[in-house]
Amino acid sequence: MGAQETLGGGGDTLVIGVRAGRPHLDYWGPALAGGRSTLLDPRLLERAGAHGMLDAGEAFDLFPESGVGFTGAPALRAWRASGSFVTQLAHSGTRTTPEGVELVLADARAGVEAVLSIELDPATGVAGFRSRIRNLGVEPLHLDWVSCAALELMDGEVMAFGGRWAREFDAHRFRPGPGLWSSEARTGRTSHHAPPFLIAGEAGFGDSHGEVLGLHLAWSGDHRLFVERLRDGRLQAQAGELFWPGEMVLEPGASYETPSLYAARSSDGLNGLSDRLHPFVRDRILGGRLRGKPRPVHFNTWEAVYFRHDLSELKALAETAAGAGAERFVLDDGWFRGREDDTAALGDWTPDPIKYPDGLGPLIAYVRGLGMTFGLWVEPEMANADSDLLRDHPDWILGEPDRVQPLGRGQYVLDLTRPEVSEAIFGQINDLLAGHAIDYLKWDMNRDLTHPASRGRPASHAQTLGVYRLIDRLRAAHPAVEIEACASGGGRADYEILRRTDRIWTSDCNDPIERQAIQRAFSIFFPPEVMGAHVGPAASHTTARTTSLDLRAMTALFGHMGVEADLRALPARELDALKAAISLHKSLRPLLHGGRLIRQAPPDPGAIAFMVAGDGRALASLAQIETPRYNAAAPLRLTGLDPEALYEVRLVNPPFRPQAAMKQIPALVRGEILGATGRWIAHAGLPTPILRAGEIAVFQLNRITR
Ligand code: DGJ
């Protein structure tokens, strides 16, 4: 049978077997008795061989290679100028690491070593797969593809994510047929259109049922994630970096390590996945740094003033924002020298002398005087041709010097692989942070990489590392400064950027109707406290749809809440309602940002429902996105409460007002506080108001007895 390694975590067992020198994922599922893999009869792992294929069948394992008889897309494509390309890696040793194992595979003749690292987080059962290739030969080794690992998927249904600017995390489902489905980003960022997330599971898996496996490649640069039907019917998934032609060449002795492919499984659908992934992100990706650190409510200037920065206007906004309960004022794009619109000035990170004749100091002092902290927008990776930086250093652009590049938002990418460029940008941002009371940076990135070349060679990988290095260096120099990851909205949402940031700007779309769907998908993989969610203007700037303050506020309330609108334009009644929503958010922050997020089946298909529960309390949201199909909604059933406990339930939003849509108004909807057990609420449900499209009901539940 060969050797087996057993990892345990989060109630799961993961068994890695080595047979005939090859690494296999023999089992990953609910914990085996005593965590013992020996209960597996090795003969159960045998597979019938078919005619018309190689004699030993499809050589599929954790790191399948063509050279050993795998006819699908291999985990490694490596070659040398001499023409050699066959690898036949064989297990040469296993090392135990604090949280997993490293399997060492080697092929002395090819001069290649591969180390597969497999970890299972003991607390959550989230697995991490990485591989490291070392050139043991005497000639350079060219790498065209290195997968973190190859995982077998259940043959049912796949949920994948596409999207675009202002419509991120657009989920779609398909049943994999024959062939290969691939999601690829060549834009130098995690991307809007091909975010590296995938869920595969049994057909029809849902929010709270079904066997599922969730995958995420933690990388903020070019990548590929694919699902392939093998000839014997199995499905494999692989993920890794997408290299540009000739980009990854290992000199003798050199190594390349893939990013981490994180994977979690659950027998309880998407909610079960989030139950593992949210604590994993909180503890392992963020390292617990947001625990016990309430996420301050933001006021962001972007949709309020765009590039029109007028000190007295900004002060007035700050005052209104502070009055409404904002705790951090984030000065967005438009503050730096020569930035009148988006065609100039990126690269020159000093305050505009006309807009800020005395620098940023007076505004910061004013904001702080109002009790808020101060955040600043920057886009350190970019420069406009119309900037002193590029006038002085036109050769600092990432690209081939003699080529005209297509522009994105009128700007170029700076070559952060070059120490002098990184140093210059570090110096400017460092000066800003050292010279001002700034506690937060909104770190934006607004263009695709099209010519990621440095010093005559492709450098997308090195550029991504360069971005990480720059952020790491600034963090080390200013450990108290929090950073938000933004790329034209949610174009850079991944666990590797989150390792070094504290919030992700989910989308430039503040329209709550769209946001409900975006946040629902985003929050499968990310906990709510890192999900930037703002109350925007009534008429959305990205969709032109007008929505109520109620829906806007109650949608933002469930994330890292903020406001991004000209508050002076709000009628007094709405400003009061916003104030109330912010104060509700603050009072429930530990629950909202530390509880369990449980997606619920809404009574109407045109609604989105979920609940955050924890510590004897829960807050449930029912947002009606489309006109309801039927006259009167069925009760809202909420799963995830303690079945035996008695809860006091009340509708906190909308506050009761006679509604045109209802002739009979249930007591709960009239504002009465009623008692019900968790079991009753899960099975019989709660009466809801009749909601018209664009309306939202929020229920608060407090446990009163056990
Ligand atoms: C794109 C971001 O997503 C917006 O929130 C805003 O910061 C603009 N850039 C500013 O240019």
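Everything numeric here is computed off the predicted structure, so don't read it as measured data.

Calculation criteria
- Residues numbered from 1 in each chain as written.
- Predicted model: local features only at pLDDT ≥ 70, side-chain atom pairs only at ≥ 80, totals over all residues.
- Heavy atoms only, no water.
- Helix = DSSP H or I, 4+ residues; strand = E, 2+ residues; numbered from the N terminus.
- Buried < 20%, exposed > 50% of the residue type's maximum accessible area, 1.4 Å probe, protein only.
- Contact = heavy atoms within 4.5 Å.
- Phe/Tyr/Trp six-rings, centres within 6.5 Å; stacked < 30°, edge-to-face > 60°.
- Core = buried A, V, L, I, M, F, W, Y, C linked by side-chain atoms within 4.5 Å.
- Pairing = 2+ DSSP bridges.
- Axes fitted to C-alpha atoms, helices over the stretch in contact; angles between N-to-C directions.

Points about the side chain of Glu 496
Okay, step 1: By the secondary structure assignment, Glu 496 is in helix α8 (residues 495–498).
Okay, step 2: A residue is classified by how much of its surface remains accessible, and Glu 496, at 14% relative accessible area, is buried.
Okay, step 3: Once you skip the residues sitting within four places of it in the chain, Glu 496 turns out to touch Ala 218, Trp 219 and Tyr 468.

Some thoughts on the packing of aromatic side chains
Okay, step 1: Throughout the structure, instances matching the rule amount to 26 aromatic pairs.
Okay, step 2: Aromatic pair Phe 174 and Trp 181: ring centres 5.1 Å apart, planes at 40°, arrangement tilted.
Okay, step 3: Take Phe 174: its relative accessible area is 19%, and that puts it in the buried class.
Okay, step 4: Take Trp 181: its relative accessible area is 24%, and that puts it in the partly exposed class.
Okay, step 5: Judged by centre distance (5.3 Å) and plane angle (70°), the rings of Trp 335 and Phe 336 are edge-to-face.
Okay, step 6: Ring-pair connections join several aromatic residues into one group, and the members of that group are Phe 161, Phe 169, Phe 197, Tyr 262, Phe 280, Tyr 495, Phe 522, Phe 525 and Phe 526.

Considerations on the nonpolar core
Okay, step 1: Leu 143, Trp 335 and Phe 526 are the most contacted members of the largest nonpolar core, which totals 172 residues.
Okay, step 2: Here the element with the most residues in this core is helix α11 (residues 572–592); it accounts for eight residues.
Okay, step 3: Residues within four places of Phe 526 in sequence aside, it is in contact with Phe 169, Phe 197, His 278, Ala 493, Asp 494, Tyr 495, Leu 498 and Ile 504.

Here we look at the sheet that holds strand β29 (residues 503–505)
Okay, step 1: One closed barrel holds the eight strands; their spatial order is β20-β21-β22-β25-β28-β29-β30-β31, and the pairing between them is parallel. Between one strand axis and the next, the sheet turns by 30° as a mean value, whatever way the strands run.
Okay, step 2: By the bridge criterion, two bridges tie strand β28 (residues 482–485) to β29 in an arrangement that is parallel. Within the sheet, the bridge partner assigned to Ala 485 lies in β29 and is Ile 504.
Okay, step 3: Relative to the sheet, helix α10 (residues 549–556) contacts β30 (531–535) and β31 (560–563), its axis offset from that of β30 by approximately 160°.
Okay, step 4: Along the sheet face, α11 touches β30 and β31 and points at about 160° away from the line of β31.

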